[in-house]
Amino acid sequence: MENIGQEIVPIDGVNNGGSSTKKIKTSNPWYKNWTLYLLLVPSVVYIFIFSYLPMLGSVIAFKDYNSYLGLWDSPWAGMAGFQHFVTFVKLPNFWNIIFNTLYISVYSIVLNTILPVILALFVNEIRWKTAKKTVQIISYCPYFISTVVVVGMLFSFSNLESGLFNQIVTLFGGKASNLMESEKIFPHMYVFSGLWQGLGWWSIVYFGALANVDQELHEAAVLDGAGRIQRIIHINVPTILPMVIIMFIMSIGNMLNVGFEKVYLMQTSGNLGASEIISTYVYRVSMGALVPQFSYATAISLFNSVINIILLVIANVISKKVSETSLW
C-alpha cells in the first residue's frame, strides 16, 4: 500500500490487512526548497545589519563613552556600570517624565483601539457601496498628511488672534487663549489630532477581518429574529475580537514609545511640563545638548526598551490566560 508523503509499515508481523500499523513520514530535504530560502536572505541580512548589530552599541549605557577612545576602550561607568541608570531614576523630574509618557500613551492606546473597531463595525453595515467607499476614502486620506503639516495646522488653528479654535470659543462667549501653550490642553491636542489622522487607516485591518465573516451566520440570525445590533454584537464582534486583542498587545509593547517627532514639534515653553516624555528627554540630553551625553541617553533608551519588553510579556501572558489569544 502506498500513500503520498508517508509509508505504512506492518508491526509485529501483522500484514497490511491488519489493524496495527505505524506511519513513518518520508524525509523532505531542505535543499529541495532552496529557492524559498534564497528569498529570505535579503530580509535576514537587512535585519541582522540594522537590528541586531546595533545592539552592540547598548554597551555604551554601561560606560562613560569617549569618542576619542572608542566604544570598547571607553572606561566603565561607576557603580558597576549602572551609574547612568541611577542618575536617571534620581532625576528631579523623573516621575513627571514617566507620568507624561504613560498618560499620553494609555490615552492614545484606549482611543486608538476602541474607535477604529467602532468605525469598522458601522461602515461595514453600510449597504450602499458608493457611500461605503466614500466614507472609507475620506477616513483614510488624513493618514497621508505629513506629521509636520499636521502640527503646523494645529499651531494655525490655535493662533491667539486668528485661530479657528479661538474664533469658535469667542463665538460662544469664551475667552481666547493660546492653546498650544497650555499643559492641560496638550495631551488632548496630541491624542485627538493623531486619532483624526490615523483612525481610518487603523480600521483597515478590521475591515479585512469583517469581510471574512460567514454570511450564512447572518442569514441564520435573521431567521431567528436577531436585529442588526444583535448581529453586530454576537457575530461581527467575536469575529474581529482576536485581531483586536493582538493589536492591543502590540500597543502595550510600545507603551513607552510615544511618537517622538510629533511631541517634539508640538513642544513649547508653556506646555513643556506636560510634553516632556522619555524620547524627547533622550534627544535633549544627547543630540540637542551642547555637550552630548551619549552614555546617559543610551541608558535611558535601554531602560525604556526593557520596560516595554516586560509590559509586552505581561500583556501576552494575561491575554493568553483570559482569552486564549496571544502573540506566542
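Summarised in this report is the structure supplied together with it. No experiment lies behind these values; they were computed from the predicted model shown. (Residues numbered from 1 in each chain as written. Predicted model: local features only at pLDDT ≥ 70, side-chain atom pairs only at ≥ 80, totals over all residues. Heavy atoms only, no water.)

### Comments concerning the overall build of the protein
Scanning the protein for helices and strands turns up 14 helices and three strands. Its C-alpha radius of gyration of 28 Å places the protein more than 25% over the 20 Å reference for a compact globule of 328 residues. Overall size of the protein, expressed as C-alpha extent along the three principal axes, is 90 × 70 × 35 Å. Per-residue burial over the protein gives 32% buried out of 328 residues. (Helix = DSSP H or I, 4+ residues; strand = E, 2+ residues; numbered from the N terminus. Rg over C-alpha atoms; globule rule 2.2 N^0.38 Å. Buried < 20%, exposed > 50% of the residue type's maximum accessible area, 1.4 Å probe, protein only.)

### Examining the nonpolar core
Within the largest apolar cluster, 16 residues are counted, with the highest numbers of intra-cluster contacts made by Val117, Leu121, Leu210 and Ile240. Elements with a minimum of two residues in this core: helix 3 (94-124), helix 8 (204-210) and helix 10 (228-253). Looking at this core element by element, the count peaks at five residues for helix 3. Setting aside residues up to four positions removed in sequence, Leu210 forms contacts with Ala120, Leu121, Asn124, Asn236 and Ile240. Residues Ile104, Val151, Leu154 and Met266 belong to the second largest nonpolar core, which totals 15 residues. (Core = buried A, V, L, I, M, F, W, Y, C linked by side-chain atoms within 4.5 Å. Contact = heavy atoms within 4.5 Å.)

### Description of the packing of helix 3 against helix 4 (residues 129-140)
Following both chains from N to C, one finds helix 3 and helix 4 inclined at 160°, their axes separated by 10 Å at the closest point. Taken together, helix 3 and helix 4 sit at an angle that is classed as roughly antiparallel. Residues Leu119, Val123 and Asn124 of helix 3 form the contact with helix 4, whose own contacting residues are Lys132, Val135, Gln136 and Ser139. Its residues placed into classes, the contact of helix 3 with helix 4 shows three nonpolar, three polar and one charged. (Axes fitted to C-alpha atoms, helices over the stretch in contact; angles between N-to-C directions. Parallel < 35°, antiparallel > 145°, perpendicular 65-115°, else oblique. Nonpolar A, V, L, I, M, F, W, Y, C, P; charged D, E, K, R; others polar.)

### Concerning the pattern of salt bridges
Under the definition given, this model contains three salt bridges. Its salt-bridge partner being Arg127, residue Glu125 comes within 3.5 Å of it at the nearest N-O pair. Judged by relative accessible area, which is 53%, Arg127 ranks as exposed. The closest approach of N and O atoms between Glu125 and Arg228, which form a salt bridge, is 3.4 Å. One end of the pair, Glu125, is in the loop between helix 3 and helix 4; the other, Arg228, is in helix 10, with 103 residues separating them in the sequence. Its relative accessible area of 41% is what places Arg228 among the partly exposed residues. (Salt bridge = Lys/Arg side-chain N within 4 Å of Asp/Glu carboxyl O.)

Any functional reading would require information beyond the geometric quantities listed.
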